[in-house]
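Topology and contacts: notes
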Amino acid sequence: MKINEYTENALESVHIFMALAFADLTPAQLWYRPAVEANSIAWVGWHLTRGLDRRVSDMDRGEQTWIEGRWYEKYGLSANPKDYGIGHTSDQVDAVRPSGSDVILGYYDAVYQRTLKFLSTPEADNHDRVLDDSGNTLAEEMVGMATGNLQHIGQVGYIRGLIEGRRWYPR
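Since the structure is predicted, the reported quantities are computational estimates derived from the model, not experimental observations.

Rules used throughout
Residues numbered from 1 in each chain as written. Predicted model: local features only at pLDDT ≥ 70, side-chain atom pairs only at ≥ 80, totals over all residues. Heavy atoms only, no water. Salt bridge = Lys/Arg side-chain N within 4 Å of Asp/Glu carboxyl O. Helix = DSSP H or I, 4+ residues; strand = E, 2+ residues; numbered from the N terminus. Buried < 20%, exposed > 50% of the residue type's maximum accessible area, 1.4 Å probe, protein only. Polar contact = N/O pair within 3.5 Å; in protein donor to acceptor, adjacent residues only side chain to side chain. Contact = heavy atoms within 4.5 Å. Phe/Tyr/Trp six-rings, centres within 6.5 Å; stacked < 30°, edge-to-face > 60°. Lys NZ or Arg CZ within 6 Å of the ring centre and 35° of its normal.

This next bit is on the pattern of salt bridges. By the definition in use, this model includes 13 salt bridges. In this structure, Glu141 and Arg55 form a salt bridge, with 2.6 Å as the shortest nitrogen-oxygen distance. Here Arg55 lies in helix 3 (residues 41-60) and Glu141 lies in helix 8 (residues 138-164), a separation of 86 residues in the sequence. No difference in accessibility class separates Glu141 from Arg55, as the two residues are buried. For Glu123, the salt bridge goes to Arg129, with nearest N and O atoms at 2.6 Å. Classification of Arg129 by relative accessible area gives buried; the value is 9%. In the salt-bridge network here, residues are joined through shared partners; they are Arg50, Asp53, Asp60 and Arg114.

The next subject is the environment of Glu5. Secondary-structure assignment places Glu5 in helix 1 (residues 3-21). Overall, the relative accessible area of 34% leaves Glu5 in the partly exposed class. The spacing of Glu5 and Met142 is 137 residues in sequence and 9.8 Å in space, taken between C-alpha atoms. From its side chain, Glu5 meets the backbone nitrogen of Lys2 in a polar contact 2.9 Å long.

Turning our attention to the environment of Tyr84. Within the secondary structure layout, Tyr84 lies in the loop between helix 5 (71-75) and helix 6 (90-95). Judged by relative accessible area, Tyr84 falls into the partly exposed class, the value being 22%. In this structure, the C-alpha to C-alpha distance between Tyr84 and Arg55, residues 29 residues apart in sequence, is 11 Å. Setting aside chain neighbours within four positions, we find Tyr84 in contact with Trp46, His47, Arg50, Gly51 and Arg54.

This part covers the packing of aromatic side chains. Enumeration over the complete set of coordinates arrives at eight aromatic pairs. Taken together, a centroid distance of 6.2 Å and an interplanar angle of 70 degrees make the contact between Trp46 and Trp66 edge-to-face. Of this pair, Trp46 sits in helix 3 while Trp66 sits in helix 4 (residues 65-68), and the two are 20 residues apart along the sequence. Judged by its relative accessible area of 1%, Trp46 falls in the buried class. Aromatic pair Tyr108 and Tyr112: ring centres 5.9 Å apart, planes at 15 degrees, arrangement stacked. You can see Tyr108 and its partner Tyr112 sitting in helix 7 (residues 101-119), four residues apart, about one turn around the helix. Like Tyr108, the residue Tyr112 is buried in the burial classification. Taken together, the ring pairs connect Trp43, Trp46, Trp66, Trp71, Tyr72, Tyr75 and Tyr107 into an aromatic cluster. Lying across the ring of Tyr84, Arg54 places its NZ or CZ 5.5 Å from the centre. Between Lys74 and the ring centre of Trp71, over which it is positioned, the NZ or CZ distance is 4.4 Å.

Geometric descriptors of this kind do not, in isolation, establish any biological role.
This is how it looks when you write it as structure tokens:
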């Protein structure tokens, strides 16, 4: 199995879990922060997607979906392509307040579909290509896609359990 095939498989699991984890959440639940300095489930879903968007735009040499699809407007945030949550303050975390799960899932799905499209191209087999923005190889960024998204979707599931006050895992 090639690294791009592994990455696609990992992201497919994340895609399925995103739909389940964000289903039927109210805005108040999306914005809930389990502790004063903790992240909300909305923030983690946004951050997960921003990281994926940053990586795939570097891989396919295109504009970020955040900018191109004007998703920043739907979130009520700035169009800054460098803002994907790294180093956010508590106030910045609190500012990520989408109106509903449809915004989170819409942005995620747009980036996910773009990622799948890239991963199926011959260019995705050029694992040693050094990317312009990150300076990492394509293979390194694909590993980052898989591991980062798997880590963050686990956080999403954990926060969903805290929101509901029970163990949460879709069956």
